[in-house]
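Okay, here's what each chain looks like letter by letter:
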Amino acid sequence: MSNINFPEQYKYSGFKANNLTLVCINIPPHTNSYGMLASKRLSEFSTYPLPLLELQIFVIFIFANAFHYMLKPLGASSFVSCLFAGVVLGPTFLGQFEFTRKWFFPHESQDRIMSLALLGYSLFLFLSGVKMDVGMVLRTGTKALSIGVLSVTLPLVLGLIYVNSRAEYYLSEVDFLASWCLTLIHAITCFPVTSYMISHQLKISHSELGRLSLCSSLVAELLGIITIIAFNLVDTGLWVLVVRYFKYILFFVLALIFILRPAMNWVIRKTPESKPISSFYIYVILAIALGSEIFFSCLRQVQFLGPFIVGLAVPAGAPLGSAFEEKFGSFTVAVLFEILTVTSMMRADLFLVISEYYKLKKYIKLILITCGTKLLSSLFPSMIARVPLVDSMALSFIMNYKGIVELCLAVIFRDTRMISEEIFALVALSILLNAAIIPVIVKFFYNPSRKYAGYQTRNITSLKPNAELKVLACVHRPDNVASIIKLLDASYPTKDRPIGVYVLHLIKLIGRTTPIMIAHSKQKPVSNSSSKNVIHAFNQFEKTKWGTVSIHLFTAISTYDLMHEDICTLALDKLTSLIIIPLHRKWSIHEYIESEDKNLRALNRKVLEKAPCSVGIFFDRGGLGHYKNTSSDESHKLQLCMFFFGGKDDREALTLAKRMSRDANAFLTVIHFVAKDIIVEIEDRIVDALLLDDVKRRAKNVYENVEYIERVVRDGQETLAFVRQKAKLYDLFIAGRRYEISCPQTAGLAEWSEIPELGVIGDYLASKDLETRASVLVVQQQKQIKRLQ
């Protein structure tokens, strides 16, 4: 039509004649304008596609960031701010004016801005699939499995029962289909939405509540995908084609599992350690993900399932998964995600909820019943699994959180005429209220400072007799390597009682802005990194233990104020029972203190406070391992000494000491300090007595290498005097931390303590005045949260 001369006033806009609308365009169209100065009128500048798209993005960002600036102090997320921006720019407020519809968001420009928004949705789902560990489903326990299944099935079933029981309100097929859509939207739990909330809003992805929520939502997500596929088949009447469609979908999944994923693993193996993945492979995988939308669209399924399923096939974490997140994560979340959220919300006219209230009343009841059922179906299984009440409440609200996936699903139902405009407005309003209120409720119930607190016992005392002892050993300095290896060797690993060691080399972050965690693979040669010597030493130690010790090596490059996050996160991920951290003091070969690191001391305090398992602070003065050999002579045995006062820390330390004493080349002495005229809680006294009975029984047997000494003391001075007598007789002292626990045996010692994090006995053993070459291990049992919180 470019060769037809229309009047100037009709050249850039449409006009009506005889009930027909004529829109004049240039073929081929001019994407960009010739500039504001070259235009005859200022309005001509916005008639070109590219300038208009830039103007729309600018308006969206202005409103979204303005709302975020106002709502951020109230704890609102950027997603909520974008929802409010969409409400204001949509037909609820500014969108009802002709000026807005003509100059900013004309009808003919909707395809362009929505194409950009849908690209963001595809990338968001793809990256969500990349960050999701599918193997988590196989490792999911009954707790997460029951929560995930019940939180989806019960709301769906009860919602449908309610609709069938109120058949007089849902007579027409349109009403019944709309009720199905509403029930489905509010019953499902989407993993990308839950992950976004936990990672970006609550920042508790490494907590046990966060892990349980992610596992449960992953189960619910897979169940929801099956439900949506079945719903599409039922709605379109395609059950006859189920077998044919299932065959193609199964072929697609198998191709991902047996062709694409092995190819991606090959790329990972080909890439040198600490080197980035080639951009060529990244773009090829991304093209496959985006192209899969065409495949699912041909199968008459929701096309966005394609990128999500391809994302699931990508190996999570470094180096491939993290490469996608690094390249596209910021742009997707900060730019495309905001455009998608605002434009989706702009389709809703919330005034319809008020004007059509009596028509929508039955749907409001359905939403309340579905959401209420979902809350209870998430709450009861977690309480039965002995999750604390406040955390169970927080978990149930997290499982009810709605976000961009549910909003886009509602948009799809609206565009396909499965729900009407007023019902879509009701769904959009419910998602807005849900996203604004639920994070506030979760923060009220859940204290983020307890994000590493565990619901399950992860300590040495609770291990079964022949269970593997999982230890996280932290290394700061080169001298820590030999000391920790000697301590692990003294722990007497056997094939019946193996030790799994996760070695974490902690390096101060210098010369870069982003912290990094590196998992070193045994199949790859040791790189010339700063961890080379650490890796080599522990690998050699593993080879000498003949299958009794398994070593897994990691390097964390971070600032001192964040190193405890790396330690606690790795301990939580690997389900370790003990964290070993070196003391901030360093002794020379001449038995004097060579240096002290205040940063390491602050780090140790944070680990003691937040660790999800037991913690041992260890320091070596050179005595450990010096006398250990194959001789049966008692004078050449490794001499171990355990100071026992009572309490959970001492019981944890004694359990470890008993494990060490199983070695024929070690001799354990347990010194039990008993105070005169002391009243001890009956429960602690009984548990202590049960644990000491085994020590006393073994001490009576002449063939056992255990000695039990009971020492009655009046106060702390007598205790220290006796400890001083024994200082030069042993190679390793083991003691419980017993922080801020007062008893007559240690009365008056806390006032002179230099290192409170070691406890009064550990502090004295680390004293400058004590002449000894013995090493010391101070143990604190896992700080487990109370069940009735």
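The structure presented is a predicted model; accordingly, all values stated were derived computationally and were not measured.

Trainee: Sorry, what's going on with the overall build of the chain here?
Mentor: Scanning the chain from N- to C-terminus turns up 26 helices and 15 strands. Relative to its 789 residues, the chain shows a buried fraction of 51%. For the chain, the share of sequence-separated contacts (at least 6 apart) that also reach a separation of at least 24 residues comes to 81%. Carbon and sulfur atoms make up 61% of the accessible area of the chain, which totals about 37,700 Å².

Trainee: Whenever I open this one, the packing of aromatic side chains confuses me. Can you help?
Mentor: The description of an aromatic ring pair uses the distance of the two centres, along with the angle that the planes make with each other. For the coordinates displayed, the defined rule picks out 19 aromatic pairs. Here the aromatic rings of F79 and F337 are separated by 6.0 Å at their centres, their planes lie at 45 degrees, and the arrangement is tilted. Of this pair, F79 sits in helix α2 (residues 78–89) while F337 sits in helix α13 (residues 320–345), and the two are 258 residues apart along the sequence. An identical accessibility class is assigned to F79 and F337; each is buried. Chaining the aromatic ring pairs together yields one cluster made of F643, F645, F673, F722, Y730 and F733. Over the ring of F424 we find R414; its NZ or CZ atom is 5.6 Å from the centre of that ring.

Trainee: What should I look at first to understand the confidence of the model for the chain in this one?
Mentor: Detailed reading of the predicted coordinates is not advisable wherever pLDDT is low. Predicted confidence across the chain gives a mean pLDDT of 79, with 80% of residues reaching 70 or more. Across residues 1–17, where pLDDT falls below 50, the model places 24 contacts with residues more than four positions away in sequence or in other chains. Residue range residues 627–632 is modelled with pLDDT below 50. Its contacts to residues more than four positions away, or to other chains, number 15 contacts.

Trainee: So what exactly am I meant to see when it comes to a nonpolar patch on the surface here?
Mentor: Residues L250, L254, I257, F258 and I259 make up a contiguous nonpolar surface patch of roughly 500 Å² in combined accessible area. Relative to the helices and strands, I259 resides in helix α10 (residues 242–270).

Trainee: What am I meant to see in the nonpolar core here?
Mentor: Soluble globular proteins: nonpolar side chains tend toward being buried together. Membership of the largest hydrophobic core comes to 123 residues, with the highest contact counts inside it found for F126, F324 and I404. With eleven residues, the top contributor of residues to this core is helix α18 (residues 421–445). Once residues lying within four places of it in the same chain are set aside, the contact partners of F126 are I285, L286, A289, P307, V310, G311, V314 and F324. One finds V713, L720, I755 and V760 within the second-largest nonpolar core, a separate group that totals 49 residues.

About the criteria used
Each chain has its residues counted from 1, following the order in which its sequence is written. This being a predicted model, a pLDDT of at least 70 is required before a residue's local features are given, and a value of 80 or more before pairs of side-chain atoms are given or counted; all residues contribute to the totals for chains, interfaces and linings. Think of the side-chain values as coming from all heavy atoms in the structure, minus any hydrogens and water. Under the DSSP-based scheme used, a helix requires at least four consecutive residues in state H or I and a strand at least two consecutive residues in state E, with every element numbered from the N terminus. Burial here depends on accessible area, computed with a 1.4 Å probe over protein chains only, as a share of the maximum for the residue type. Under 20% is buried, over 50% is exposed, and the range in between is partly exposed. Residue contacts follow a heavy-atom distance rule, with two residues in contact if any of their heavy atoms lie within 4.5 Å. Accessible surface area values rest on a Shrake-Rupley calculation with a 1.4 Å probe, where residue burial reflects the displayed protein chains alone. A pair of aromatic rings is counted whenever rings of Phe, Tyr or Trp (Trp by its six-membered ring) have centres within 6.5 Å, and the orientation is called stacked for planes under 30 degrees apart, edge-to-face for over 60 and tilted otherwise. Sitting over a ring, as applied to charges here, requires NZ of Lys or CZ of Arg to be within 6 Å of the ring centre and within 35 degrees of the ring normal. Per residue, pLDDT captures the predictor's confidence, and it can take any value from 0 to 100. Each patch is built from salt-bridge-free residues with over 30% relative accessible area, joining like charges within 9 Å and nonpolar side chains (Val, Leu, Ile, Met, Phe, Trp, Tyr) within 5 Å. We define a salt bridge as a contact between a side-chain nitrogen of Lys or Arg and a carboxyl oxygen of Asp or Glu at a distance within 4 Å. Here, the term nonpolar core denotes a set of buried Ala, Val, Leu, Ile, Met, Phe, Trp, Tyr and Cys residues that are joined through side-chain atoms within 4.5 Å.

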